[in-house]
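Report on the structure
Residue-level listing of the chains:
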Amino acid sequence: MLDAPMFDPKDLRNAFGCLPTGVTVVSMIDEAGKPTGVTVGSFTSLSMSPALCLFSLGKAQASARLFKEGVPFVVNVLSTELADLAWQFAKPLEDKCEGVALAETLVQAPRLKDAIAHFACHAHAIHDGGDHIIVVGEILDYDHTEGDALIFYRGQMQAPAPL
Ligand SMILES: Cc1cc2nc3c(=O)[nH]c(=O)nc-3n(C[C@H](O)[C@H](O)[C@H](O)COP(=O)(O)O)c2cc1C
């Protein structure tokens, strides 16, 4: 078997960054019962029936322990007006939800009121993905509204531009 090639991680990250992603905040309740969340660009749809979605999370991320335990969560799709929230949830803050408007959902996890789509999920499966875990969620409830999705492309927040 061939040895795994050693790539420069920064360059590999730049190569991955050639493909734009949407920007979401995955919100949940921590062990102390406090709302928290993490900015996630790896969210994608997976299955229609059953309704499944997935995202990947670095094993070294502080929040990874919650997902390994199967915590319920909400995927909040951010609009171009919510770029500040994307940066806020990407920092290791004591209270990530400070100043954020939250609402209850069907699952034991809050949603961000201003997001343009919400997917309330139970953990369906956790898979190994190298230095990441792949979190598969079963969608128990969702909604969506008007608004332009925030895009992350080549290391910058952007707005979608029609051709
Ligand atoms: C636009 C954007 C997308 C991100 N996507 C992911 C992702 O898909 N997976 C991941 O593990 N970290 C991602 N991050 C980094 C995490 O949001 C960041 O490391 C965060 O501090 C982790 O939170 P935690 O320390 O509470 O776990 C992203 C950051 C940004 C700004």
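Cut-off values and rules
Residues numbered from 1 in each chain as written. Predicted model: local features only at pLDDT ≥ 70, side-chain atom pairs only at ≥ 80, totals over all residues. Heavy atoms only, no water. UniProt positions renumbered as here; feature names shortened; annotations may be inferred. Near = heavy atom within 4 Å. Polar contact = N/O pair within 3.5 Å; in protein donor to acceptor, adjacent residues only side chain to side chain. Areas by Shrake-Rupley, 256 points an atom, 1.4 Å probe, with all protein chains shown as cover. Helix = DSSP H or I, 4+ residues; strand = E, 2+ residues; numbered from the N terminus. Nonpolar A, V, L, I, M, F, W, Y, C, P; charged D, E, K, R; others polar. Core = buried A, V, L, I, M, F, W, Y, C linked by side-chain atoms within 4.5 Å. Buried < 20%, exposed > 50% of the residue type's maximum accessible area, 1.4 Å probe, protein only. Contact = heavy atoms within 4.5 Å. Pairing = 2+ DSSP bridges.

Looking at an unreviewed UniProt entry, the chain carries the name p-hydroxyphenylacetate 3-hydroxylase, reductase component, with the source organism given as Planktotalea frisia. Quoted verbatim from the Sequence similarities (unreviewed entry) heading of the UniProt record, the comment on the chain is "Belongs to the non-flavoprotein flavin reductase family."

With that out of the way, let us pick up the site of the ligand. Around the ligand, the surrounding shell holds 18 residues, and the nearest of these are T39, S42, G58, S63 and K96. One of the backbone N or O atoms of A62 is found 3.2 Å from an oxygen atom in the ligand. K96 places a side-chain nitrogen or oxygen 2.8 Å from an oxygen atom of the ligand. Relative to its unbound accessible surface of 640 Å², the ligand loses 81% to contact with the protein. Those elements giving two or more residues to the shell around the ligand turn out to be β3 (35-40) and β5 (52-58). Tallied by class, residues from the shell around the ligand come to nine nonpolar, seven polar and two charged.

Below, the discussion takes up the nonpolar core. Core analysis: the biggest nonpolar cluster contains 21 residues, and V26, F55, L57, F67 and F73 have the highest contact counts within it. Counting residues per element, the ones that place at least two in this core are β2 (24-29), β3, β5, α2 (64-68), β6 (73-77), β9 (117-129) and β10 (132-144). Excluding residues that lie within four positions of it along the chain, F67 makes contacts with V26, M28, V38, F55, L57, F73, I126, I133 and V135. One finds L82, A83, F89 and L112 within the second-largest nonpolar core, a separate group that totals twelve residues.

This part covers the sheet that holds strand β12 (residues 156-158). On the basis of which strands lie adjacent, the open sheet formed by three strands has the order β1-β11-β12 and antiparallel pairing. In the strand order of this sheet, the two ends are held by β1 (21-22) and β12, each with one partner. Bridge count between β1 and strand β11 (residues 151-153): two bridges; the pairing is antiparallel. By the bridge assignment, G22 is partnered in β11 with I151.

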